[in-house]
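Chain by chain, the residues run as shown.
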Amino acid sequence: MCGVCGTYSPDGRIDRSVAAAMHTRLVHRGPDETYSLNTETISAKLGRLGMNGLVDGWQPAEDRSGRYVALTNGEVFNLKALRQKVGSGRQANGVDVAVIPELIAQFGIQGLSLVDGQFATVVFDRAENSLTLARDRFGICPLYYTVAGSDVHFCSEIKPLVQCVAQTWKVDIGAVDQYFALGNIVAPRTLVEGVRAVPPGCAVRFGANHQETVRYWRYGEFSPASEPVSGEALREGLKQSTRDRLQADVEIGAYLSGGFDSTAILMEAAALLDRPVRTFSAVFDDPELDEGRFQREVASAVGTKHEQILCRQSDIASKFEEMVRHCCYPQRETYNVAAMMLADTARSAGVKGVVSGEGADELFFGYDSYAFDSVTRSSRASRAENEQSWGRADFSWEVNWPNVGRRREEYLTPDAREALAGNEFWRTRLIPFSDDEVKSLSQMQLRSIADVYVQMSGHLLGDHGDSMLMGSSIEGRYPFLSHSVVSLALQIDDSAKVIDFEGKSCLKSAYEGIVPESVLRRGKHGFTAYDLRSVADARTWDDWRDLVAASGIFTSGCLDTAPRQGRAEKWDSRLSAISIAVVMDELGLGF
């Protein structure tokens, strides 16, 4: 993983200082080396976090004809198979991502679908003087861009982009509405008006007079196999995926939450390595939050070299604002402080990458909501807004419609509500499926697609994953998101994933007798930390009120709107308002 940034000016009138300025703000993402790509129309830089090819690898990389040249952030785990497919390059570049321009030369953008890995790539076509920005299938590696006149500026993080491109920036009120309704912002939208995220599984092409987004892959092509997928096949798929993600010239550790997903990966990693795995866990001094007992049990059973990081309420109070100002993404709870502390500890221990269990719940229906979906109901409430956002009037994902209207009234100023009219979150299709395609999906399959595109890509892999990890120069790797595991998940029938209200049943059956019984049978425990009171302790409540009011979009009394008894609230919206106000202040966003 690295940090990439730059400016593309097809007319040749390029200001190279913008790329240089952005790069200085991305050093944490790539502290090991700096590479540059400069032509008459493009100026780009890559800060490298060296994971492989440390001796014999470099960037930019070219295809054998020299037409396509690329700077790429990320990893290609199936490099050997891809090299056999495309042939040897003209130079023996030891960096795995050097295969990217050759894939595009031979197969076009669709060639990126062959990559089992994680990447954000900047590809310049010398023949057409055009630029392509592309991102991996699930959006593990972020990539943002903005179009300013004839220039295209791009960056791995929003903050350097906004701070280095000189223009008046405003908050996207539709993104605020999206966050309050969904708890996430869905690509290509961002909190900043005029800044877009390259969507997962997509490439955005720019030429002198055109821009187009091309989707080369999407999650959700369910196709149950004629024969049930065996537990052996699932274990072998995860084993191979874990093996691939442990390959590096540096040490790769593991995050251990104490839940099933991270434990299954750790079991595979321990069996593959000839050394104890370095494991890292967050613990809390609140018994309702703490999973330390399960973490210690697993670490002891596997024989890992384990470190627990105690996250206190005082840590949340002292680090919450720092965390938000770093990632510039709204927050609905405080757990990212613990994630930031975890990454810092891993880096101090000399580890440069970690494997983690994200993706299992989305692919194998592990959240509690899937259990409710498994019950046949005669009718579900229908709304026209659902049809616009999801393609089906009776599917609302996690949206609580009565709360949506109430939040707007209680939190947004009259001016903000007026600006929102016609730009509400539901007016945008949130998943890459048409109405006709959605009709063929089961309720659980549709939920899985929504979970991937709304929750996992932007939040779990984004502000919770990439931002917190890369802030300490740590790379996250996700075995459940490999080609092999995803392919198996798409072939498994709904009824094998949820049995007797138990999600991930097929996975858990596959690891019966391997994962400790206490972990195998425990309930789902999401990422949770201390509540709003900790954040309130960092400043006086009046300070937070002033910051929120200064945003211009929130009512002066919204922080006094405490959740009332009986409301179906999944998170405290006051925390979201505070974090959005912090981001607006950090980026200098107007309204």
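Numbers given to residues run from 1 along each chain, matching the order in which its sequence is written. For this predicted model, a pLDDT threshold of at least 70 governs which residues receive local features, and a threshold of 80 or more governs which side-chain atom pairs are given and counted, while totals over whole chains, interfaces and linings are taken from all residues. Side-chain descriptors were evaluated using all non-hydrogen atoms of the structure, hydrogens and water having been removed beforehand.

**Q** Honestly, helix 24 (residues 573-587) in this entry has me stumped. Any pointers?
**A** For an α-helix the count is 3.6 residues per turn, leaving residues at separations of three or four pointing the same way. The end-to-end C-alpha distance of helix 24 is 21 Å, a good match for the 21 Å that 15 residues give at a rise of 1.5 Å each. Relative accessible area decides the class of each residue, using a 1.4 Å probe on protein chains only: under 20% of the type maximum gives buried, over 50% gives exposed, and in between gives partly exposed. Comment: elements are numbered from the N terminus, with helices defined as DSSP H or I runs of at least four residues and strands as E runs of at least two. In terms of burial, helix 24 is largely enclosed, as 13 of its 15 residues are buried. Following helix 24 by one or two positions, glycine 588 adopts a phi angle in the positive range, close to 65 degrees. Expected span of a helix, by definition, is 1.5 Å for each gap between consecutive residues, and there is one gap fewer than residues.

**Q** Can you walk me through the sheet that holds strand 11 (residues 202-206) in this structure?
**A** Note on sheets: strands pair through backbone hydrogen bonds, and any given pair is parallel or antiparallel. Reading across from one edge, 4-5-6-7-11-12 is the order of the six strands in this open sheet, with antiparallel pairing throughout. Among the strands making up the open sheet, the edge pair consists of strand 4 (61-62) and strand 12 (211-215). Any pair of residues with heavy atoms lying within 4.5 Å of one another is described as a contacting pair. Every axis corresponds to a line fitted to the C-alpha atoms, with the helix fit spanning only the stretch in contact, and the corresponding angles, defined between N-to-C directions, vary from 0 to 180 degrees. Sheet contacts for helix 3 (residues 100-107): strand 4, strand 5 (68-76) and strand 6 (117-125); angle to strand 5, the most-contacted strand, approximately 120 degrees. Two strands qualify as a pair provided that DSSP identifies no fewer than 2 bridges between them.

**Q** Sorry, what's going on with empty space enclosed by the protein here?
**A** Which parts of space are left empty comes out when a probe the size of a water molecule is rolled across the atoms. Cavities and pockets are defined on a 1 Å grid built over the protein atoms alone: a cavity is a set of grid points where a 1.4 Å probe fits but cannot escape, while a pocket is an open set with protein on both sides within 12 Å along at least five of seven lines, and lining residues are those with an atom within 4 Å of any such point. Grid points are joined across faces, edges and corners, and a volume is the space filled by probe spheres set on the points. Taken as a whole and judged by the stated rule, the model has six cavities of 30 Å³ or more. A volume near 360 Å³ is recorded for the largest cavity. For the largest cavity, the lining is made up of 30 residues, of which Pro142, Tyr144, Ile158, Tyr329 and Gly458 are closest to its centre. Where the lining of the largest cavity is concerned, the elements lending two or more residues are helix 4 (158-164), helix 9 (313-327) and helix 17 (443-470). Ranked by residue count, the leading element in the lining of the largest cavity is helix 17, at eight residues. Looking at side-chain class alone, the lining of the largest cavity contains 16 nonpolar, eight polar and six charged residues. Taken as a whole, the second largest cavity spans an internal volume of roughly 80 Å³. In terms of lining residues, the second largest cavity is bounded by 14 residues, among which Cys2, Arg48, Gly74, Glu75 and Val95 are the most central. With three residues, strand 5 is the largest single contributor of residues to the lining of the second largest cavity. Put simply, Ala, Val, Leu, Ile, Met, Phe, Trp, Tyr, Cys and Pro go in the nonpolar bin, Asp, Glu, Lys and Arg in the charged bin, and everything else, Gly too, in the polar bin.

**Q** Hey, could you run me through the pairing of strand 9 (residues 151-155) in this one?
**A** Each regular strand carries side chains that alternate between the two faces of the sheet. Most of strand 9 sits inside the fold, with five of its five residues counted as buried. Bridge count between strand 1 (residues 2-8) and strand 9: four bridges; the pairing is antiparallel. Across the sheet, the residue bridging to tyrosine 8 is valine 152, located in strand 9. Counting the residues that bridge the hairpin from strand 8 (residues 144-148) to strand 9 gives two residues, and of these glycine 149 lies at a positive phi of roughly 65 degrees.

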